[in-house]
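# Structural overview
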Amino acid sequence: MVQFEVILEALGQIGPVQILICVLWSYFNLIAGFNSLATVFIAYTPDVRCNVPPLDNSTVYPNLTEVDILNFTTPYDSASDEYNGCYRYNYDLNTCDGTLSCVNQSASTVKCDNGYHYDRSIFTETVVTEFNLICGDKYLNTVATSMYYVGFLIGSIVFGNFADAFGRKLCSLLTCVGFLGCMFGLAFSRSVALYIVLRTAIAAFSYGTTIGTFVYIMEIVGMKWRTFFGMFYQTFFALGYMIMGGIAYNWRDWHEITFVSTLLSLPFLLIALIIPESPRWLFIKKKDKQGIKVSKLLARINKVELTDEIWERAKEAEKQISTDTSNATSVKYSSLDLFKTKATALVTLNVMFNWLVNSLVYYGVSLNAGALAGDLFVNNTLNGVMEIASYIICIIFMDRIGRRILLCASLLVAGLGLLASVIVNVYADDNESLITLGVVFSFIGKVGISGSFAIIYNFTSELFPTVLRSNAVGVGSFAARIGGIVAPYIISLQDYVSWLPNTIFGVFGIAAGVLSLFLPETNGVPMMETPEEAEEFYKNWKKHKQASELDLSGYENSTCEEMSTKI
């Protein structure tokens, strides 16, 4: 077997071919941004009231405004400070003949018996308006959003193992075909059941592609560049949902929005076809001939030569790793191996909780963008800007202060920002300055949680060895999907207690921030190859950090076990 770290050093930790591969694979995260937060637009819930003919017929009542119609027909709920569009006053509409003598605002109320009238000034058709997912059926909208994250859960279980067993490229290619087919089907779906099924399938396939592409990027760049390209990959997600806002602004029907986003996703199929398999994975799986072929291709593009001496050094470096390392490549690993030893299990559980909280808070804040004061499209764009700003902050500080400290700080900023938003909004009433301040604190929370969610992706890839890396990302994602599944239901609590959702999100953010301090620091530590290396690292990570800070000659290509020996 060949030690890929030696080959990577010869290729250059970053070069034209790595940049090209990272940019091309990152295009997928643009698509992920389209799909993950699409419900902000395609499942938008507009203002609604009952159809009340002939009172809402402008020919019979030409002088009635929408405010007048609401006032004359719809009961006002003082608790929520809004009209209850699911009911109307129960007087006989057939007696309305152009005068208002038929109106009786003291009458009892009745559920809408002539269908619903939607405010279509923002969107001409959404999933909510087409399938009437309001009033008694409002829960179906929450279920549909939640099922998308069930799809993520399925994808994290299935494709984490698949990517480790069959390769990053094959995983990305097959799942790409799956999500593109489902996206086309979604654009033409005409039932709520099919809509839910296809959205769930899109999520499952998409997450398989996420695992394949992200892990590939982490494996192809040098240690010093992992942070930058990890953040670079995440930036495309923010760009994706910002572009989705532009699509929704130009096409106001949810079928059109979905179709256009599908067309923009098609180029990724070509990308998945032309990029070769990860050479690191090929060598780990003892597919040395293929690994050598891919490595030589990368070297040719980078205009470097992989000499016989380099190959001999790569093979010799591999021989110096313990016998357990060699045996690890012939063993089939699964997610269960993450829990077989104490130190690895503790790290895994901490990482899982961190993923769960990041997903819970991130999607809780992002999916609730429509509830913020101000314009939907502007708020969505600002959310994207805040997210990209958080990535820039991570790129600047992640290698300077380390993963665990920055992860902790980001989660604390998220939690405290959301709690501050709750407090301000409770006392805002109609004070525009306080309302604006509440939105500002929400955006601060968005900056924090966006940064921490990006960090945990990088951090997880560095915390676990090559043979378990995709499984670890998959298990972390499994936990994250629990958070995503629960988030829409927590958001729905605002219909009863307006301040409760952000309070829950804030408290969980702070808790995860504190627990993240118990994770080992991976900044400056070479990627581990085997579970034995990882277990030893978890127990002695401070020594490894000290070794990396010494910057001694020859440490760049050392394994974690070798660095421990040198110390």
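Counting from 1, residues in each chain are numbered in the order their sequence is written. Local features in a predicted model are, by the rule used here, given only for residues with pLDDT of at least 70; side-chain atom pairs are given and counted only at 80 or more, and totals for whole chains, interfaces and linings are based on all residues. As a convention, hydrogens and water are excluded, and side-chain values are obtained from all of the structure's heavy atoms.

### Side note on the nonpolar core
Residue types Ala, Val, Leu, Ile, Met, Phe, Trp, Tyr and Cys, when buried and joined through side-chain atoms within 4.5 Å, form a set referred to as a nonpolar core. Residue exposure (1.4 Å probe, protein chains only): buried if accessible area is under 20% of the type maximum, exposed if over 50%, otherwise partly exposed. Core analysis: the largest hydrophobic core is formed by 141 residues, its most contacted members being Ile7, Trp25, Tyr195, Phe268, Trp355 and Tyr363. Starting at the N terminus, helices and strands are each numbered in turn, a helix being any DSSP run of H or I of at least four residues and a strand any DSSP run of E of at least two. Residue contributions to this core peak at 13 residues, all from helix 8 (residues 192-220). Contact criterion: two residues are considered in contact whenever any of their non-hydrogen atoms come within 4.5 Å of each other. Among residues more than four places away in sequence, those in contact with Phe268 are Leu24, Trp25, Tyr27, Phe28, Ile31, Ser172, Cys176, Phe179, Thr209 and Thr213. Membership of the second largest hydrophobic core comes to 14 residues, among which are Leu55, Tyr61, Leu64 and Tyr89.

### A word on the packing of aromatic side chains
In this analysis, rings of Phe, Tyr and Trp, with Trp reduced to its six-membered ring, are considered paired at centre separations within 6.5 Å, and the interplanar angle assigns stacked below 30 degrees, edge-to-face beyond 60, and tilted for intermediate values. By the definition in use, this model includes 40 aromatic pairs. Aromatic pair Tyr76 and Tyr83: ring centres 5.2 Å apart, planes at 80 degrees, arrangement edge-to-face. We classify Tyr83 as partly exposed; its relative accessible area is 31%. Summarising the aromatic geometry, the rings of Tyr148 and Tyr149 are spaced 5.4 Å apart at their centres and angled 80 degrees between planes, so their arrangement reads as edge-to-face. Here Tyr148 matches Tyr149 in class, with each residue buried. Taken together, the aromatic side chains of Tyr148, Tyr149, Phe152, Tyr207, Phe237, Tyr241, Trp355, Tyr362, Tyr363 and Phe453 make up a single cluster linked through ring pairs.

### Let's talk about the environment of Leu419
Here Leu419 shows up in helix 18 (residues 403-426). Overall, Leu419 belongs to the partly exposed group, its relative accessible area being 21%. Considered as a pair, Leu419 and Met183 are 236 residues apart in the sequence and their alpha carbons are 37 Å apart.

### A few points about the packing of helix 16 (residues 342-367) against helix 22 (residues 531-539)
For every element, the axis is a line fit to its C-alpha atoms; helices are fit only across the contacting stretch, and the angle between N-to-C directions ranges from 0 to 180 degrees. It is at 8 Å that the axes of helix 16 and helix 22 come closest, and there the two elements cross at 75 degrees. Between helix 16 and helix 22, the angle falls in the class roughly perpendicular. Across from Lys342, Ala343, Thr344 and Val347 in helix 16, the residues of helix 22 making contact are Glu535, Tyr538 and Lys539. Throughout, the ten residues Ala, Val, Leu, Ile, Met, Phe, Trp, Tyr, Cys and Pro are labelled nonpolar, Asp, Glu, Lys and Arg are labelled charged, and all others, Gly among them, are labelled polar. Residue composition of the contact of helix 16 with helix 22, grouped by class: three nonpolar, one polar and three charged. Roughly parallel means an angle under 35 degrees; roughly antiparallel, over 145; roughly perpendicular, 65 to 115; everything else is oblique.

### Thoughts on the pattern of salt bridges
A side chain of one charge can pair with a side chain of the opposite charge when the charged atoms of the two come close. Within this document, salt bridges are pairs made up of a side-chain nitrogen of Lys or Arg and a carboxyl oxygen of Asp or Glu, the two lying within 4 Å of each other. Here the structure, examined in full by the defined rule, presents 15 salt bridges. Of the charged contacts in the structure, one is a salt bridge between Arg226 and Glu462, with a shortest N-O distance of 3.3 Å. Here Glu462 lies in helix 19 (residues 432-463) and Arg226 lies in helix 9 (residues 226-250), a separation of 236 residues in the sequence. For Glu462, a relative accessible area of 2% puts it in the buried group. Beyond isolated ion pairs, a larger network of salt bridges with shared partners links Asp164, Arg168, Glu219 and Arg469.

### Examining the state of the cysteines
What counts as a disulfide here is a pair of cysteine sulfur atoms lying within 2.5 Å. This structure, assessed with the given rule, holds three disulfides. The disulfide partner of Cys86 is Cys135, and the S-S distance across this bridge is 1.9 Å. As the torsion about the S-S bond is roughly -100 degrees, the Cys86-Cys135 disulfide counts as left-handed. One end of the pair, Cys86, is in the loop between strand 3 (82-83) and strand 4 (87-89); the other, Cys135, is in the loop between helix 5 (127-131) and helix 6 (138-166), with 49 residues separating them in the sequence.

### Considering the packing of helix 7 (residues 168-187) against helix 10 (residues 254-265)
One can describe the packing of helix 7 onto helix 10 by two numbers: an axis separation of 8 Å at closest approach and a directional angle of 155 degrees. What the angle tells us is that helix 7 and helix 10 run roughly antiparallel. Where helix 7 crosses over helix 10, the handedness of that crossing is left-handed. Together, Leu180, Met183, Phe184, Leu186 and Ala187 of helix 7 and Trp254, His255, Thr258, Phe259, Ser261, Thr262, Leu263 and Ser265 of helix 10 make up the contact between the two elements. The class makeup of the residues in the contact of helix 7 with helix 10 is eight nonpolar, five polar and no charged. The crossing is said to be left-handed when, going from far helix to near helix, the turn is anticlockwise and less than a right angle, and right-handed when the turn is clockwise.

### Some details on a negative patch on the surface
Exposure above 30% relative accessible area and the lack of any salt bridge qualify a residue for a patch; like charges then connect within 9 Å, and the nonpolar side chains Val, Leu, Ile, Met, Phe, Trp and Tyr within 5 Å. Calculation of accessible area relied on Shrake-Rupley with a 1.4 Å probe; when residues are assessed, cover is drawn exclusively from the protein chains displayed. Charged residues are defined narrowly, with Lys and Arg counted positive, Asp and Glu counted negative, and His plus the chain ends left uncounted. Charge placement uses NZ in Lys and CZ in Arg. For Asp and Glu, CG and CD serve respectively. Among the surface-exposed residues, Asp47, Asp77, Asp81, Glu82, Asp119, Asp429, Asp430 and Glu432 lie close enough to one another that they form a single negatively charged patch. With respect to the element layout, Asp429 can be found in the loop between helix 18 and helix 19. Note on Asp429: relative accessible area 64%, which makes it exposed.

### Focus on the side chain of Asn35
Mapped onto the fold, Asn35 is located in helix 2 (residues 16-36). Judged by its relative accessible area of 5%, Asn35 falls in the buried class. Those residues in contact with Asn35 that lie beyond four places of it in its chain are Tyr148, Met183, Arg199, Ile202 and Ser206.

### Structural notes on unusual backbone geometry
Geometrically, the link from Pro53 to Pro54 is a cis peptide bond, its omega value of 5 degrees lying close to zero. Looking at the secondary structure, you find Pro54 in the loop between strand 1 (48-50) and helix 4 (66-73). A positive phi angle, near 60 degrees, is found at Lys286, a position not held by glycine. Inspection of the secondary structure assignment puts Lys286 in the loop between helix 12 (279-284) and helix 13 (288-302). A residue is classified by how much of its surface remains accessible, and Lys286, at 48% relative accessible area, is partly exposed. Its identity is not glycine, yet Lys303 carries a phi of approximately 60 degrees, on the positive side. Considering the arrangement of structural elements, one finds Lys303 in the loop between helix 13 and helix 14 (308-320).

### What about the confidence of the model for the protein?
With 92% of its residues at a pLDDT of 70 or more, the protein shows a mean pLDDT of 85. With pLDDT under 50 throughout, residues 551-567 is counted as low confidence; its partners more than four residues away or in other chains account for 40 contacts. Predictor confidence is given residue by residue as pLDDT, running from a minimum of 0 to a maximum of 100.

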